[in-house]
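The primary structure of each chain is shown beneath.
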Amino acid sequence: MFFNESSGNDMDQIRALWNKLIGLPASSSQVMQRDKWTRDIVRIMFFVVLISMATILLGIITKKFLFSETIPIYMIFVATAVAYFGSQKNGWRWARFLPVLICLLTGFFFSFGSGFRGTGLFYTLAIMLTSMLFGVKPSWFVAFVSLAGYILLGSGFQTVIISLELPAIITTSSLLLGTTFLLSYFNNSLTRVISDLSIGNQKLQQEITLRRQAEVVGEKQKSLYTRLAENTTDLVCEMGMDGMFNYISPSYLTTLGYTPELLVGTIAYDIVHPDDLQ
């Protein structure tokens, strides 16, 4: 079997397109963020559902609820538990689908059973979770799926009910689309801020690199000048504006008989003959 290079490139393009559609992170930093977000969100959902289920079980024990009426919460708990333990085992890539599906299917369930009453919250949560865990484009897909499920399941596929419940449909549709628009705006604004920070960080890193290179060059030049001064027979010194010696070369000892310890810190005019000062 021969490998076709063009087919391999096509597969890479298809894979890149799929990753872009589902919001798969491209860089390692994005992977770390989506991994962390998935774990945090799933952990919060797990404990919220756990507390809700414990409360409902208490209501069943006290005969406030019927067990048959609370079956959905147990199914949600099982799905949330699978997502929670999966995300803890580095399975965040598939575990992040479950919170979105839980909210979306819960919305479908209540739309089918309760019509248009109070089901928009689950669809809104599904859109928000999709935006956080996948990206803006998948959240638009979930928004339109939510609208279709809300309208069709809530009306029982009957156009008469749709016309009667048109105000509620328009209100909820505006809520879902408005939420998606706001999430898109927030994501785009956040992307611009992160891009600016990234550019600033790159410039800072370049400046730090240039400064380090300048320090290395400076150290090499200093070492070179030090070697020249210590091995030359000429008298080399570093003197301040006030005439104080800050450095003298070893040639001072062989030529004039002065050691560095004797002259450094003293004023040059103090060792010059008074007649030479005039």
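Residues numbered from 1 in each chain as written. Predicted model: local features only at pLDDT ≥ 70, side-chain atom pairs only at ≥ 80, totals over all residues. Heavy atoms only, no water.

A. Region of the structure containing the side chain of Ser-184. If you trace the backbone, Ser-184 turns up in helix 9 (residues 166-231). Taking relative accessible area as the criterion, Ser-184 reaches 9% and is therefore assigned buried. Within the local environment of Ser-184, its side chain forms a polar contact with the backbone oxygen of Thr-180, the two atoms lying 2.9 Å apart. Setting aside residues up to four positions removed in sequence, Ser-184 forms contacts with Val-136 and Trp-140. (Helix = DSSP H or I, 4+ residues; strand = E, 2+ residues; numbered from the N terminus. Buried < 20%, exposed > 50% of the residue type's maximum accessible area, 1.4 Å probe, protein only. Polar contact = N/O pair within 3.5 Å; in protein donor to acceptor, adjacent residues only side chain to side chain. Contact = heavy atoms within 4.5 Å.)

B. Up close: the layout of surface pockets. Approximately 440 Å³ is the volume attributed to the second largest pocket. The wall of the second largest pocket is formed by 18 residues, among which Val-49, Ile-73, Ile-76, Thr-106 and Phe-122 lie closest to the centre. Counting residues per element, the ones that place at least two in the lining of the second largest pocket are helix 2 (28-61), helix 3 (71-88), helix 5 (97-114) and helix 6 (120-133). By residue number, the principal contributor to the lining of the second largest pocket is helix 2, which donates five residues. The residue inventory of the lining of the second largest pocket, partitioned by class, reads 14 nonpolar, three polar and one charged. (1 Å grid on protein atoms, 1.4 Å probe; cavity = no way out; pocket = protein on both sides within 12 Å on 5 of 7 lines; lining within 4 Å. Points joined across faces, edges and corners; volume = space filled by probe spheres on them. Nonpolar A, V, L, I, M, F, W, Y, C, P; charged D, E, K, R; others polar.)

C. View of a nonpolar patch on the surface. On the surface, Val-78, Val-82, Trp-94, Phe-97, Leu-101 and Leu-105 cluster together to form a nonpolar patch covering roughly 550 Å² of accessible area. For the nonpolar patch, the secondary-structure elements that each account for two or more residues are helix 3 and helix 5. By residue number, the principal contributor to the nonpolar patch is helix 5, which donates three residues. (Patch = residues over 30% accessible without salt bridge, like charges linked within 9 Å, V, L, I, M, F, W, Y side chains within 5 Å. Areas by Shrake-Rupley, 256 points an atom, 1.4 Å probe, with all protein chains shown as cover. Salt bridge = Lys/Arg side-chain N within 4 Å of Asp/Glu carboxyl O.)

D. Representation of unusual backbone geometry in the model. We note that Lys-63 has phi near 60°; this positive angle belongs to a residue other than glycine. Mapped onto the elements, Lys-63 comes out in the loop between helix 2 and helix 3. Classification of Lys-63 by relative accessible area gives exposed; the value is 74%. The backbone of Phe-157 sits at a positive phi, close to 60°, despite the residue not being glycine. Relative to the helices and strands, Phe-157 is located in the loop between helix 7 (136-155) and helix 8 (159-164). On the basis of relative accessible area, Phe-157 is assigned to the exposed category, the value being 59%.

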